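# Coordinate analysis (summary)
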Amino acid sequence: MAGPGRVIIAAALAMGIGMSYAPHAAAHKGATGVVMHRMHMMKALATAMKEMAAMLKGKRRYDPARFSLHAAAIRKHAADLPKMFPKGSNPKPSEALPGIWQDWDGFLARRRAMDSAAAELAAAALADVAMDKRSRVLRAYIGVAKSCTGCHTVFRKRK
Amino acid sequence: MIKLIKLLFLIGVFAAIAAAVPAFAPSLIWTPPELPEHMPDADTKRGKYVFQMAGCASCHTAKAKGAKPLAGGLQVKTEYGVFVVPNITPDKDTGIGRWTETDFIRAMTQGLSPDGRHYYPAFPYTSYTRMTLLDLRDMWAFLKTTKPVRNVVPLHQLKFPYDLRPGVGIWKVFFFSPGRFKPDASKSRQWNRGAYIVTGPAHCGECHTPRNFAGAVEKGRAMAGNAEGADGDVAPNITPHKKDGIGDWSKDDITLMLESGVVPSGDAVGGSMGHVIENSMSKLTSKDRLAIAIYLQSLKPIAGKPQKPKKPEKK
């Protein structure tokens, strides 16, 4: 990753934004191994989305720097995503659909969509540090949110 | 439970044979609606908006890679068997290219085909019947501008006796109340707009309202959740009940969710609701999404979450 990216990640770690999904003591819904790891990763994504939404809705102080950090974290998760889904890894209680491995290219395209939406979020947040570009940040946030929904629509089945 | 609906179907079939007319129920003998005198010309741009709101593509466009828009073929698996969704492109031979506007309005509001056969309520005309003539006309004008696709769709594979279409006729007598949306003058315009969208074109209740023994929505528990939604998905309780519904969601929470699919916990919906967001809700104006939120928040809070019936363990 290029220089600024590394700085952002270092800052993110310093600010305690979850970028790692090291095994937690408590297994998630009884899931183990890689399934548990990716559930933690997805949870981290949800936590980021929740905090950003709170800022956009005015429930928390709006801070474009937080958006930059979350965007970088989401991009990191997007990069790690493929190896979190080894072939056929959807034993109970996983919500992953077998379609992931039947249409691996389609799955990767959804991953890319999340990555480019997060890249736009990073750019929007950077622009907002200089001047008021909050509406661009909002639009970019919705772009990321839609990329989550897009993948879940095709590749996840709630139990 | 299933027995009773089976019985209804058989009665329907016999009655239809006896009367030798497909539409034997008096409430279903239909005269074309009279269009108001000063109807504006049909507007295809507006029609496209209505079409998106109504989520037709979620069913009429198959999910397979390379599936052509609106050319049908999606298989909908239900306890009654498999429905195969028809081609509604303007193709003359395999789509609805030979239909008139009246044929279309009749199908959407009465659940009757041009030759008088009953449609199964797997086609949610039970909600579309609430739509205004203006919306239906504009949508029809838009549909005619879509690309005709030649695609022969296989027949439904339904179990006996549900494969006997006249049975639907008797079902309709008990469970289908045709008629346009009636605005409530005591409520605001925004509320009425939301009520119209939710109960009519956007057909939220088709998934979020539980169904009775005969597969008809339970009006008393409107939007209280349905354990057996489309595709076997559980559609949650979306009444403003604090514990079991979305009572602790703000208006912003609802509109953001409708636009993007992300719920207040930060998770994103998927499955059949994902299609509703992608094909339909994300394409509406923010004013219309706000109207939906206002209406949802005004509903009676209903307790109880939909519970998936426990499947017996494999022996």
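To keep things clear, this report deals only with the structure shown in the data block.

## As for the interface of chain B and chain A
- Across the boundary between the two partners, chain B contributes 24 residues, which contact 20 residues of chain A.
- For the pair chain B and chain A, the summed buried surface comes to about 1,700 Å²; carbon and sulfur atoms form 53% of the total.
- At the junction of chain B with chain A, the criterion picks out seven salt bridges.
- Residue Lys57 of chain A pairs with Asp253 of chain B through a salt bridge whose shortest N-O separation is 2.5 Å.
- For the pair chain B and chain A, the number of links is eight residue pairs in polar contact (both at pLDDT 80 or more).
- For the side of chain B that touches chain A, the secondary structure elements donating two or more residues are helix H10 (251-260) and helix H11 (271-280) of chain B.
- Taken together, the residues of the side of chain B that touches chain A break down into six nonpolar, 10 polar and eight charged.

## Remarks on the sheet that holds strand S2 (residues 81-84) of chain B
- Reading across the sheet, the three strands line up as S1-S2-S3 (chain B) and stay open at both edges, with antiparallel pairing between neighbours. Edge strands, defined here as strands with exactly one partner in the open sheet, are strand S1 (75-78) and strand S3 (157-158) of chain B.

## Re the pairing of S1 of chain B
Residue and element names in this part refer to chain B.
- In this sheet, S2 lies alongside S1 in antiparallel orientation, the contact comprising four bridges. Across the sheet, the residue bridging to Lys77 is Val82, located in S2.
- Taking the residues between adjacent antiparallel strands as the criterion, S1 and S2 are bridged by two residues.

## Observations concerning the pairing of S2 of chain B
- The pairing of S2 of chain B with S3 of chain B spans two bridges and is antiparallel. When the bridges of S3 of chain B are listed, Val82 of chain B appears paired with Gln157 of chain B.

## Some points on the packing of aromatic side chains
- A complete count under the given rule lists 17 aromatic pairs over all chains for this structure.
- Ring geometry for Phe107 of chain A against Phe155 of chain A: centres 5.3 Å apart, planes inclined by 85°, an arrangement best described as edge-to-face. Here Phe107 of chain A is found in helix H5 (residues 104-130), whereas its partner Phe155 of chain A is found in helix H6 (residues 134-155), with 48 residues between them in sequence.
- Ring geometry for Tyr80 of chain B and Tyr162 of chain B: centres 4.9 Å apart, planes at 65°, overall edge-to-face. Separated by 82 residues along the polypeptide, Tyr80 of chain B in the loop between S1 and S2 and Tyr162 of chain B in the loop between S3 and helix H7 (166-175) bring together distant segments of the chain.
- Judged by relative accessible area, Tyr162 of chain B falls into the buried class, the value being 3%.

## Things to note about the nonpolar core
- With 46 residues, the main nonpolar core has Met131, Met139, Leu143 and Ile292 of chain B as its most contacted residues.
- Of all elements in the fold, only helix H2 (44-53), helix H4 (101-110), helix H6 (133-144), helix H8 (189-199), H10 and helix H12 (286-298) of chain B reach the threshold of two or more residues within this core.
- Among the elements that make up this core, the one with the highest residue count is H6 of chain B (six residues).
- Each of domain 1 (42-175) and domain 2 (189-298) of chain B contributes no fewer than three residues to this core.
- The residues contacting Leu143 of chain B, other than those within four sequence positions of it, are Phe51, Leu70, Ile88, Pro90 and Phe104 of chain B.
- Formed by 37 residues, the second largest nonpolar core is a distinct cluster that contains Ala53, Ala117, Val144 and Ala145 of chain A.

How each quantity is defined
Residues numbered from 1 in each chain as written. Chains lettered and ligands numbered in written order. Predicted model: local features only at pLDDT ≥ 70, side-chain atom pairs only at ≥ 80, totals over all residues. Heavy atoms only, no water. Contact = heavy atoms within 4.5 Å. Buried area = accessible area lost by both parts, 1.4 Å probe. Salt bridge = Lys/Arg side-chain N within 4 Å of Asp/Glu carboxyl O. Polar contact = N/O pair within 3.5 Å; in protein donor to acceptor, adjacent residues only side chain to side chain. Helix = DSSP H or I, 4+ residues; strand = E, 2+ residues; numbered from the N terminus. Nonpolar A, V, L, I, M, F, W, Y, C, P; charged D, E, K, R; others polar. Pairing = 2+ DSSP bridges. Phe/Tyr/Trp six-rings, centres within 6.5 Å; stacked < 30°, edge-to-face > 60°. Buried < 20%, exposed > 50% of the residue type's maximum accessible area, 1.4 Å probe, protein only. Core = buried A, V, L, I, M, F, W, Y, C linked by side-chain atoms within 4.5 Å. Domains from an automatic or database assignment.

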